[in-house]
Amino acid sequence: MSTSTTARPPFLSSVSAAAPVVAGLAVILLVMPYPGSLSVQLYEWIAPSLSQVPGIGVPAVAGIVALTVLLGVVLARAWTRDPVRFARGAAAAVAVPVAYLLSEGLKLLFAQERPCRVVAQLPDCPPSGDWSLPSNHSTVAFALFTAIAIVGRGWVPWFAAALAVVVGWGRIAEGVHYPHDVAAGALLGIATVAVAAATLGKPVARATRLLRARRG
C-alpha cells in the first residue's frame with residue numbers, strides 16, 4: 001500500500017520540531033502590557049514611527065487576501081490529485097472562520113485596550129471597545145497558513161508562513177496591536193485549525209471518497 005497520502009509533509013515535520021521554541025517565545029511575549037514589559041517595549045520600538053508611513057495597513061489586508069487565494073489553489077490541486085490530503089485541507093479550511101469567532105470571543109473576555117490608545121496615542125486608533133487581545137488579523141492569517149501547510153507541498157507552506165508573519169508584523173507596525181496580541185492570535189489560529197484537521201480529517205475523507213465514487 002502506498003504511504004504517500006499518510007506520510008507527514010517535510011514542512012510539518014519542521015514545524016513540529018520548532019514547536020517547543022515557538023511555544024517558549026510565545027510564553028515570553030504573552031505578558032500583561034504593563035509599562036516596561038517586553039511586549040510594550042517592542043511596540044514602542046516598532047509602532048510610533050512606522051504607523052505614520054502611508055499605506056502601512058495595506059500589507060496585513062493584502063496578506064490575508066493572498067493567503068485565502070493560495071488556500072483555494074492548493075485545495076483545488078489536492079482535489080484532483082490526493083483526496084485524503086484534500087479532505088484534511090477542507091477540514092482545516094472550515095476551521096478558519098471558527099478561529100476568527102473564537103478570537104472575537106476572547107477579545108470580549110480580555111477587554112484589553114489597544115496600545116494606540118494606552119501607549120502611543122495615535123490618531124487613527126480604533127474606538128474604545130474595539131479590543132486588542134488577540135489580533136483577529138493574526139488569528140485568521142495563521143489559521144490560513146496552517147491549513148495551507150496541511151495540504152500544500154514544496155515551497156508553498158513556507159511562502160504562506162512568510163505571508164502570515166507579514167500580516168502580524170503589519171498590525172504591530174500599524175500601531176493597533178501589541179506583539180503579544182499577534183502571538184496570541186497566531187497560537188489561536190494554528191491550534192484551532194490543527195485540532196479541526198485532526199478530528200474532522202477522516203470523516204471528510206470518507207465523504208470525499210463517496211462523492212468521487214458517485215461521480216466516477
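Because the structure is predicted, anything quoted here is derived from the model rather than measured. (Residues numbered from 1 in each chain as written. Predicted model: local features only at pLDDT ≥ 70, side-chain atom pairs only at ≥ 80, totals over all residues. Heavy atoms only, no water.)

Points about the environment of Ala194
The cut-off we apply is this: Strands here mean DSSP runs of E at least two residues long; helices mean DSSP runs of H or I at least four residues long; both are numbered from the N terminus.
As for its position among the elements, Ala194 is in helix H8 (residues 179-215). C-alpha separation for the pair Ala194 and Arg88, spaced 106 residues apart in sequence, amounts to 9.7 Å.

Concerning the side chain of Gln112
Convention followed: In this scheme, a residue with accessible area under 20% of its type's maximum is buried, one over 50% is exposed, and one in between is partly exposed, where area comes from a 1.4 Å probe on protein chains only.
Structurally, Gln112 can be placed in the loop between helix H4 (83-110) and helix H5 (115-118). Residue class for Gln112 comes out buried when judged on its relative accessible area of 10%.

Points about the nonpolar core
Here is the rule: We call a set of buried residues a nonpolar core when its members are Ala, Val, Leu, Ile, Met, Phe, Trp, Tyr or Cys and they connect through side-chain atoms within 4.5 Å of each other. In what follows, a contact means two residues having at least one pair of non-hydrogen atoms within 4.5 Å.
In this structure, Leu67, Leu71, Leu144, Phe145, Ile148 and Val193 are the most contacted members of the largest nonpolar core, which totals 35 residues. Looking at this core, the elements with two or more residues in it are helix H3 (58-81), H4, helix H6 (136-151), helix H7 (156-173) and H8. For this core, the leading source of residues is H6, giving eleven residues. Beyond its immediate stretch of four places on either side in the chain, Ile148 contacts Leu67, Leu70, Leu71, Val156, Pro157 and Ala160. In terms of nonpolar packing, the next biggest core, distinct from the first, is built from eight residues, Val40, Ala47, Val176 and Tyr178 among them.

A word on the environment of Ala149
Structurally, the position occupied by Ala149 is in helix H6. Along the chain, Ala149 and Val74 lie 75 residues apart, while their C-alpha atoms are 9.7 Å from each other.

Comments concerning the state of the cysteines
The line we're drawing: Criterion for a disulfide: a pair of cysteine sulfur atoms within 2.5 Å.
On inspection of all chains with the given rule, the structure shows one disulfide. Disulfide partner of Cys116: Cys125, at an S-S distance of 2.0 Å. Measuring the twist about the S-S bond at about 60 degrees, one finds the Cys116-Cys125 disulfide to be right-handed. With respect to class, Cys116 is no different from Cys125; both count as buried.

Here's the deal with the confidence of the model for the protein chain
Worth spelling out the cut-off: What pLDDT reports is the predictor's confidence in each residue, on a scale of 0 through 100.
In the predicted model, the protein chain carries a mean pLDDT of 81, and the fraction of residues at 70 or more is 76%. Contacts from residues 1-5, a stretch scored under 50 in pLDDT, to residues over four places away or in other chains number three contacts.

Details of helix H2 (residues 38-50)
What sets the pattern is the α-helix's 3.6 residues per turn: residues three or four places apart point alike. Counted only if it meets this: Each residue after the first adds 1.5 Å to the expected span of a helix. To get the bend at a given residue, fit one axis to the seven residues ending there, fit another to the seven starting there, and take the angle between those axes.
For H2, which comprises 13 residues, the first-to-last C-alpha distance of 19 Å matches the rise-based estimate of 18 Å (1.5 Å per residue) to within 8%. At Glu44, H2 is deflected by roughly 30 degrees, the largest bend along its length, and proline Pro48 occurs up to four residues later in sequence. Listed in full, the buried residues belonging to H2 are Ser39, Val40, Tyr43, Ile46 and Ala47.

Brief notes about H3
Along its 24 residues, H3 runs 35 Å from first to last C-alpha, staying within 8% of the 34 Å computed at 1.5 Å per residue. Looking only at H3, the buried set comprises Ala60, Gly63, Ile64, Leu67, Leu70, Leu71, Val74, Leu75 and Ala78. Contacts from the buried residues of H3 go to H4, H6 and H7.

A short note on the packing of H6 against H7
Two measures define how a pair of helices packs: the angle their axes make with one another and the distance between the axes. What counts, and what does not: Between N-to-C directions, angles span 0 to 180 degrees; the directions come from axes that are lines fitted to C-alpha atoms, helices contributing only their stretch in contact. Roughly parallel here means an angle under 35 degrees, roughly antiparallel means over 145, roughly perpendicular means 65 to 115, and every remaining angle is called oblique. Lys, Arg, Asp and Glu make up the charged group, whereas Ala, Val, Leu, Ile, Met, Phe, Trp, Tyr, Cys and Pro make up the nonpolar group; the residues left over, Gly among them, are polar.
Close contact between H6 and H7 brings their axes to 9 Å; oriented N to C, the two are set at 175 degrees. Here H6 is positioned roughly antiparallel relative to H7, judged by the angle of their axes. Together, His137, Ser138, Ala141, Phe142, Phe145, Ile148 and Ala149 of H6 and Val156, Pro157, Ala160, Ala161, Ala164, Val165, Val167, Gly168 and Arg171 of H7 make up the contact between the two elements. Residue composition of the contact of H6 with H7, by class: twelve nonpolar, three polar and one charged.

Structural notes on a nonpolar patch on the surface
The line we're drawing: Residues form patches when they are more than 30% accessible in relative terms and have no salt bridge. Like charges link within 9 Å. Nonpolar side chains (Val, Leu, Ile, Met, Phe, Trp, Tyr) link within 5 Å. Note on areas: Shrake-Rupley, 1.4 Å probe, and residue coverage restricted to the protein chains presented here. Just to be clear on terms, a salt bridge is a Lys or Arg side-chain nitrogen sitting within 4 Å of an Asp or Glu carboxyl oxygen.
A contiguous nonpolar surface patch, about 330 Å² in accessible area, is contributed by Val61, Val65, Val69 and Val73. Within the secondary structure, Val65 sits in helix H3. With a relative accessible area of 48%, Val65 lands in the partly exposed category.

Considerations on the pattern of salt bridges
A side chain with one charge can pair with a side chain of the opposite charge if their charged atoms come near. Going through the model one piece at a time under the given rule, you end up with two salt bridges. Note that Arg114 and Asp130 form a salt bridge whose closest N and O atoms lie 3.0 Å from each other. With Arg114 in the loop between H4 and H5 and Asp130 in the loop between H5 and H6, this pair connects stretches of sequence that are 16 residues apart. On the accessibility criterion, Arg114 (4% relative accessible area) is buried. Residue class for Asp130 comes out partly exposed when judged on its relative accessible area of 32%. Between Arg171 and Glu174 there is a salt bridge, with its nearest N and O atoms 3.0 Å apart.

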